[in-house]
Structure formats: C-alpha cells, structure tokens
Amino acid sequence: MPELPEVEVVCRGLNPLLKGYRIERVELMHHQLRYPLPSYFVSLLPGLTFKEVKRRAKYILFHFDVDFLVVWHLGMTGQFHLLDSREPKARHEHVRIDLSGGKSLCYRDARRFGYAGVIAADKLNQHPWFNRLGPEPLSDAFSADTLFARSRGRNTPIKTLLMNNEVVVGVGNIYASESLFRSGIHPARASGRISLKRMSLLVEAIKAVLSEAIEAGGSTISDFVKADGKPGYFAHQFRVYGREGERCYQCGKGIRRIVQSGRSSFYCPFCQR
DNA sequence: AAATGAACCTGTTTGC
DNA sequence: TGCAAACAGGTTCATT
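On a predicted model such as this, the values are computed, not experimentally measured, just so you know.

Each value, and the rule that gives it
Residues numbered from 1 in each chain as written. Chains lettered and ligands numbered in written order. Predicted model: local features only at pLDDT ≥ 70, side-chain atom pairs only at ≥ 80, totals over all residues. Heavy atoms only, no water. Phe/Tyr/Trp six-rings, centres within 6.5 Å; stacked < 30°, edge-to-face > 60°. Helix = DSSP H or I, 4+ residues; strand = E, 2+ residues; numbered from the N terminus. Buried < 20%, exposed > 50% of the residue type's maximum accessible area, 1.4 Å probe, protein only. Lys NZ or Arg CZ within 6 Å of the ring centre and 35° of its normal. pLDDT = per-residue confidence, 0-100. Contact = heavy atoms within 4.5 Å. Domains from an automatic or database assignment. Near = heavy atom within 4 Å. Polar contact = N/O pair within 3.5 Å; in protein donor to acceptor, adjacent residues only side chain to side chain. Nonpolar A, V, L, I, M, F, W, Y, C, P; charged D, E, K, R; others polar. Salt bridge = Lys/Arg side-chain N within 4 Å of Asp/Glu carboxyl O. Pairing = 2+ DSSP bridges. Axes fitted to C-alpha atoms, helices over the stretch in contact; angles between N-to-C directions.

A.B. asks: Looking at this structure, I do not really get the packing of aromatic side chains. What am I missing?
C.D. replies: Aromatic ring pairs: the centre-centre distance and the angle between the two ring planes describe each pair. A complete count under the given rule lists 17 aromatic pairs for this structure. When the centroid spacing of 4.8 Å and the interplanar angle of 45 degrees are considered together, the rings of Phe-50 and Phe-64 count as tilted. Linking Phe-50 in strand β2 (residues 50-56) with Phe-64 in strand β3 (residues 59-64), this pair joins segments that are 14 residues apart in sequence. Neither Phe-50 nor Phe-64 differs from the other in exposure class; each is buried. Considering the side-chain rings of Phe-80 and Tyr-107, the 5.3 Å spacing of their centres and the 55 degrees angle between planes classify their relative orientation as tilted. You can see Phe-80 sitting in strand β5 (residues 78-84) and its partner Tyr-107 sitting in strand β7 (residues 103-109), a full 27 residues away along the chain. For the pair Phe-80 and Tyr-107, a shared accessibility class is recorded, and that class is buried. An aromatic cluster of at least three residues, connected via ring pairs, comprises Tyr-40, Phe-41, Phe-50, Phe-62, Phe-64, Trp-72, Phe-80 and Tyr-107. Cation over ring: Arg-243 sits above Tyr-249, and NZ or CZ is 3.9 Å from the ring centre.

A.B. asks: What is the right way to read the confidence of the model for chain A from this model?
C.D. replies: Caution applies to low-pLDDT parts of the model: their predicted coordinates are not meant to be read in detail. Summary statistics for chain A give a mean pLDDT of 92 and a share of 93% for residues scoring 70 or more. Segment residues 225-232: pLDDT under 50, and 18 contacts once partners within four positions in sequence are set aside and those in other chains are kept.

A.B. asks: Any chance you could explain the domain arrangement of chain A here in plain terms?
C.D. replies: Quite often, the size of an interface is put as the accessible area lost when its parts meet. Domain parsing of chain A yields domain 1 (4-126) and domain 2 (144-267). The C-alpha-based centres of domain 1 and domain 2 are spaced at 28 Å.

A.B. asks: Please explain the protein's contact with DNA strand C as it appears in this structure.
C.D. replies: The immediate surroundings of DNA strand C are formed by 21 residues, with Arg-34, Lys-58, His-73, Tyr-241 and Ser-264 found nearest. At 2.7 Å from a phosphate oxygen of DNA strand C is found a side-chain nitrogen or oxygen belonging to Lys-58. Here Asn-173 contributes a backbone N or O atom positioned 3.2 Å from a phosphate oxygen of DNA strand C. Looking at the surface near DNA strand C, the elements that each hand over two or more residues are α5 (173-183) and β10 (263-267). A class-by-class count of the residues in the surface near DNA strand C yields eight nonpolar, six polar and seven charged.

A.B. asks: Whenever I open this one, the protein's contact with DNA strand B confuses me. Can you help?
C.D. replies: Taken together, Arg-91, His-92, Ala-110, Arg-111, Arg-112, Phe-113, Arg-154, Asn-155 and Thr-156 make up all the residues around DNA strand B. When the atoms of DNA strand B within 4 Å of the protein are sorted by group, sugar and phosphate make up 67%. In this structure, a base oxygen belonging to DNA strand B sits 3.0 Å away from a side-chain N or O atom of Arg-111. Taking Thr-156, its side chain carries an N or O atom lying 2.2 Å from a phosphate oxygen of DNA strand B. By residue class, the composition of the surface near DNA strand B is two nonpolar, three polar and four charged.

A.B. asks: What exactly am I supposed to notice about the pattern of salt bridges here?
C.D. replies: When their charged atoms lie close together, side chains carrying opposite charge are able to pair. This model, assessed by the stated rule, comprises 14 salt bridges. Across the salt bridge formed by Glu-8 and Arg-12, the nearest N and O atoms sit 2.8 Å from each other. Of this pair, Glu-8 and Arg-12 both sit in helix α1 (residues 4-18), separated by four residues, roughly a single helical turn. Judged by relative accessible area, which is 42%, Arg-12 ranks as partly exposed. Salt bridges linked by common partners bring Glu-8, Arg-12, Arg-55, Arg-56 and Glu-136 together as one network.

A.B. asks: So what exactly am I meant to see when it comes to the sheet that holds strand β4 (residues 68-73) here?
C.D. replies: Spatially, four strands are ordered β2-β3-β4-β8 in an open sheet, and the strand pairing comes out antiparallel. If you trace the sheet from one side to the other, it starts and ends with β2 and β8 (115-120), each paired once. The sheet shows a mean angle of 25 degrees between the axes of neighbouring strands, taken without regard to direction. In the sheet, β2 pairs with β3 via six bridges, with the strands oriented antiparallel. For Lys-54, the partnering residue across the bridge sits in β3 and is Leu-61. The strands touched by α1 are β2 and β3; relative to β2, the strand with the most contacts, the crossing angle is about 170 degrees.

Written out as structure tokens, the structure is:
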C-alpha cells in the first residue's frame, strides 16, 4: 500500500481518532513481522494515552503521554483499521490494540514486511531506522541545490537515486516514475549527468506529485480507518505507472517498462530523455 | 565507495 | 481448467 502520501493520509486520519484514548490491552497474534515484534508491547503499552500521530519518512510515530514513542512501518501491505472491539479477528491481523471507548486499533499485514518498535523520544534521530534518512521531500531541506549536489559524480540511474532514502525519503516506486515523467527525464539517465535546471524541474515535480496524492487521499481519510478496509484513495491519476503498452497522454506513443534494481519503471521514450 | 541482486512473505494476475 | 511463473506500493544485507 504505502508510499509517503498513503502514510501521511493514515497519520492524518488516525490522529484525531486516537487522540485522548487510552490503551487498555495489547494482543499479539503473530510476532514475526519483518523483525520480531517486541513482546513487551503487551505489558508496556496498556495505560498509555495517545497524544499525537505523526510521520517521518514512511514511519508512523505514535506519541503518548510519556517520553518514548511507538514507531511503526507498514512495509508493503500493512494496514491499520479502527474497529469495534467486538469485531472478530481478520485474516492476517497480527496485532490488536484495545482502546478505551470500545474500539480497537487493528494491524493487518499479509506479507509481514512491516515492523514496529519503541524508541526514546530524544534518541529518535540516533536510532538505526532514522539516523541515515535524507530530507523530507516536501520540506525546504529538499531542493534542486541539495539533490544536484548529492548527484554529482554518481552513475546511478536517477530513478534509483530517487528511491534511495539517504538522498530523499518517501519517494517510492510509483511516484519516482510519475515525477520523472512530469519532468521529462529518462529513468535510466545517469544521476550525475543531469543539469541543475532539469534537477529543479524534477524536484518541483516530486513535490507536486506527492502533494496532489496527499490531497487526493485527504478526501477519503474517513474511509481508510473504517471497517471496510478499503484503501485511502484510488483517485490519483497515474500518467505512466502501470501503463506499459498504453498511449502516452502527451505524445500518443507507447509507454514502456524497464526493470531497475529489481523494480519496474514506467516511462515514455519520446517525452523522457 | 558504489552498484547490483537476493532476501524477507503472501496474494493476485498472467501465460502456457 | 490447472499449474507455474511473474509480479506487487519497502528496506536491508551480501556480493560484485
């Protein structure tokens, strides 16, 4: 499911729904996600009151009325649902967090690539999950100048560079392809051979695509955490992703697919150089 | 150091 | 129809 926009939508959706609620009980059905879930979740978390749900990169940060936070990554298929506590356990539901007020925060993850842990609030940035992360793409810290500087002397295809979390966080496989199309850059172009001018177009495209996707998800936030399990949004219009063989909306030629670092990239061979 | 590929796991779609 | 291969939105680890 999640790239940065999806995680942002989940956080914005959960924040008002969880704020002020107390954890009554935690049940682990399956400990082995990407990493083992800390079994002390069961004893440590009950009694805590949710203060705020925030995001850094693709991590969900649950803040409480204490000096540590619960950090959760959804992997490829992780989902949170806020359900009535009497709801029977769903397939692939691995964690259930019962809240005051009769609702439960349920974590489902078919592939179990997700992971979670507890981290001291003042040591978050030293933690191995966080200490090498690049800037947030929607912040001023991510600019044409910084991306240009990071790309000099590198032969890596630009698409691979964009998906490197040490360069910029949150740009996943879909939005990497989409932003390269919008800026007219071929995904296989060597990162070090892109001018500052074109890098500027790329950075603006990334910010625009991610912002639009968050907006599109924003209108259906309530659906995301309802019982039906529907994803946050379908509304976003992909211009190249998943459109191999179909016509480019700009020039009418066929969209192509190539594999880079084991991931599919989609592009228009005419519009992107 | 940088680049590539494999690994983690399950479900769904595609192709013979 | 049945079965196997390919593929899926992420990240880390090992190997060139």
